[in-house]
Amino acid sequence: MLTLSKEKIEKIESIFATVLKEVKPTPDELDIIARYSNELVSRLKKVVPNNIEILAVGSIAHGTQVKNSHDIDLFMLFPKNISRKELEEKGLEYAKKIVDAKKHESYIVKYAEHPYVKLILGDLGMTADIVPAYKIDNALERISAVDRTQLHNKFISENLTEGQKDDVRILKSFLKAHHIYGSDAQTEGFSGYLCEILIYTYGSLINLFKHFYNLELPIVIDPLNKIIYEEDSNEVKTLSKKFNSEFIVIDPVDQNRNVAAVVSKETLARFVLSVRFFIDKPLLTTFSGPKFSDIYSKNKVLKFSKALGLSIFVLHFKVPNIADDILWQQIRKLKGSLSDALKKNGFAPVLSLENVFLDNGILVFFINDIKIKYAVINGPEVYMKESIDTFLKSHKTSFGFIFESDKIQSIEKSKYSDAEEVIINSIKNMQLPSYLKKEELKIYKNNIPEEIAKLVYSAFVLKTSI
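Residues numbered from 1 in each chain as written. Predicted model: local features only at pLDDT ≥ 70, side-chain atom pairs only at ≥ 80, totals over all residues. Heavy atoms only, no water.

Draft legend 1. Representation of the side chain of Ser-191 in the model. On the secondary structure map, Ser-191 appears in the loop between helix H6 (162–177) and helix H7 (192–202). Among the polar contacts made by the side chain of Ser-191, one reaches the main-chain amide nitrogen of Leu-194 at a distance of 3.0 Å. Those residues in contact with Ser-191 that sit more than four places away from it in its chain are Tyr-181, Ser-183 and Val-259. (Helix = DSSP H or I, 4+ residues; strand = E, 2+ residues; numbered from the N terminus. Polar contact = N/O pair within 3.5 Å; in protein donor to acceptor, adjacent residues only side chain to side chain. Contact = heavy atoms within 4.5 Å.)

Draft legend 2. Broad picture of the packing of helix H5 (residues 149–159) against H7. At a minimum axis distance of 11 Å, the contact between H5 and H7 shows a crossing angle of 35°. You can see that H5 and H7 cross each other, and the crossing is left-handed. Residue-level contacts link His-152, Phe-155, Ile-156 and Asn-159 of H5 to Tyr-193, Glu-196, Ile-197 and Tyr-200 of H7. Tallied by class, the residues present in the contact of H5 with H7 amount to 5 nonpolar, 2 polar and 1 charged. (Axes fitted to C-alpha atoms, helices over the stretch in contact; angles between N-to-C directions. Left-handed = near helix turned anticlockwise from the far one by under 90°. Nonpolar A, V, L, I, M, F, W, Y, C, P; charged D, E, K, R; others polar.)

Draft legend 3. Just the pattern of salt bridges, in detail. Within this structure, the stated rule accounts for 25 salt bridges. Here Lys-371 makes a salt bridge to Asp-418, at a shortest N to O gap of 3.1 Å. In this pair, Lys-371 sits in the loop between strand S12 (360–368) and strand S13 (374–381) while Asp-418 sits in the loop between strand S15 (407–413) and helix H15 (419–428), placing the two residues 47 residues apart along the sequence. Within the structure, one salt-bridge network assembled from shared partners comprises Glu-39, Arg-43, Lys-103 and Glu-105. (Salt bridge = Lys/Arg side-chain N within 4 Å of Asp/Glu carboxyl O.)

Draft legend 4. Structural detail: the pairing of strand S10 (residues 310–318). A large share of S10 lies buried, amounting to 8 of its 9 residues. The pairing of S10 with S12 spans 9 bridges and is classified as antiparallel. Paired with Leu-315 across the two strands is Leu-363, which belongs to S12. (Buried < 20%, exposed > 50% of the residue type's maximum accessible area, 1.4 Å probe, protein only. Pairing = 2+ DSSP bridges.)

Draft legend 5. Main features of a nonpolar patch on the surface. There is a patch of nonpolar side chains on the surface, built from Val-382, Tyr-383 and Phe-403 and spanning about 380 Å² of accessible area. With respect to the helices, strands and loops of the structure, Phe-403 is situated in strand S14 (residues 400–404). Judged by its relative accessible area of 60%, Phe-403 is exposed. (Patch = residues over 30% accessible without salt bridge, like charges linked within 9 Å, V, L, I, M, F, W, Y side chains within 5 Å. Areas by Shrake-Rupley, 256 points an atom, 1.4 Å probe, with all protein chains shown as cover.)

Draft legend 6. Main features of the pairing of strand S2 (residues 71–78). The buried count for S2 comes to 6 of 8 residues, which makes it a mostly enclosed element. Two strands pair when backbone bridges link them, and S2 and strand S5 (residues 126–134) are joined in this way by 8 bridges, in the parallel orientation. Within the sheet, the bridge partner assigned to Phe-78 lies in S5 and is Tyr-134.

Draft legend 7. Region of interest: the packing of helix H13 (residues 324–344) against H15. Two numbers describe how H13 lies on H15: the axes approach to 10 Å, and their chain directions differ by 130°. When the axes of H13 and H15 are compared, the pair comes out oblique. Read as a crossing pair, H13 and H15 show a hand that is right-handed. Counting all contacts with H13, which are made through Leu-338, Ala-341 and Leu-342, the residues of H15 involved are Ala-419, Val-422, Ile-423, Ser-426 and Ile-427. Looking at the contact of H13 with H15 residue by residue, the classes come out as 7 nonpolar, 1 polar and no charged. (Parallel < 35°, antiparallel > 145°, perpendicular 65-115°, else oblique.)

Draft legend 8. Summary view of the side chain of Lys-118. By the element assignment, Lys-118 lies in strand S4 (residues 115–121). In this structure the side chain of Lys-118 is engaged in a polar contact, spanning 2.8 Å, whose partner is the side chain of Asp-129. Look past the residues within four positions of Lys-118 in its chain and what remains in contact with it is Ser-106, Tyr-107, Ile-108, Lys-110, Thr-127, Ala-128 and Asp-129.

Draft legend 9. Region of interest: the environment of Ser-297. When you line up the elements, Ser-297 lands in helix H12 (residues 297–307). The sequence separation of Ser-297 and Thr-464 amounts to 167 residues, and the corresponding C-alpha distance is 15 Å. Look past the residues within four positions of Ser-297 in its chain and what remains in contact with it is Glu-450, Ala-453, Lys-454 and Tyr-457.

Draft legend 10. The environment of Ile-221, seen in detail. Mapping Ile-221 onto the fold places it in strand S6 (residues 219–222). Expressed as a C-alpha distance, the spacing of Ile-221 and Asn-258, which sit 37 residues apart in the sequence, is 9.6 Å. Setting aside chain neighbours within four positions, we find Ile-221 in contact with Leu-198, Thr-201, Tyr-202, Phe-212, Ile-227, Ile-228, Phe-247, Ile-248, Val-249 and Ile-250.

Shown next as structure tokens:
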């Protein structure tokens, strides 16, 4: 673990204190949230049968929420003898019954492992997720993934001190500033629960930062037993294989779950580097991370591409209201397929991006501004007779064959002369998600509308900034 001087520790703690003043909810704010949460609990208790328990969960219940974070999470805990179908149907029915139109409340049905209601509290600018789950006493009893949440609630409530709760708030602020907070499919970052158990395990935020300053992978963190395996031991090898990961934080309420499973390699790397920058130079600016404005986004993006001699290709499409994990999986898969096609035809992207805002989605490729007339096609080794015969026959239009060591290569006219042709033709031959209509996809080369350029620029800054 990194050793810090007394002076540096004092400077870091001073910055933490400054940040905490900014992000910790005021007593009045906490009172408003508590009163409304309690009111919703009372409403639910009036409409559900006596065998269903109502439980407030999440950061508000844990006391780790940051200022202006007003999302209330309420669970309706059903007995285990209720069928999944009945749980889903009754869960929606009971949640809808408490919507009060006189208070300008409305709701939408959202979908995770099973449907739940998001209550929109119009007068207060708050929301409340009302989620059905099964009442369980341990993880072995769980029927759905959300059932664990009540166990998380109990563990955090019983184990985090008030000082550690404040450290969680500061950690969340640090992660948000560096755009790596949130376990959603887009961010692939740190969840609130992961923040809480990391602070619990390391004891304080400064200790967490000191350990992660020189982080080496693989690492296994076991919060329940307060054990951290940082060496390439048998335990690390076994657990890395079990969880198929090099960054493992074992759930203290379920030893078969890695809480950090959603954290991508890039997100973890960004966190480690951001921690190093802050520890080396403890200032509010290094804590807060890169700032940017999307004003004149088009000019900023074009300036970058022009300086490097690149062309920007933007694929713009409309996206429906579908689950984020499905949407981002499909978008990234499409980006990968197009990147492979471009690379295969001699137009390997220097940088590729994806972004979604509301119903607008984009894929972006920064590519060397070149045209290709001829291509070199790699063939097999000479000693593979049947393969060589097939290769020579299929490349009869070749302008010539050359040797690359013991392999044959064919020189021939390029199938595509520029990157735009590759993108257009690849899309024509691809199986796209059903909601992406090929005729509705728009491709922009350099001349990007300003509104689309804002999406490009925000993704560009996040990708290229530390």
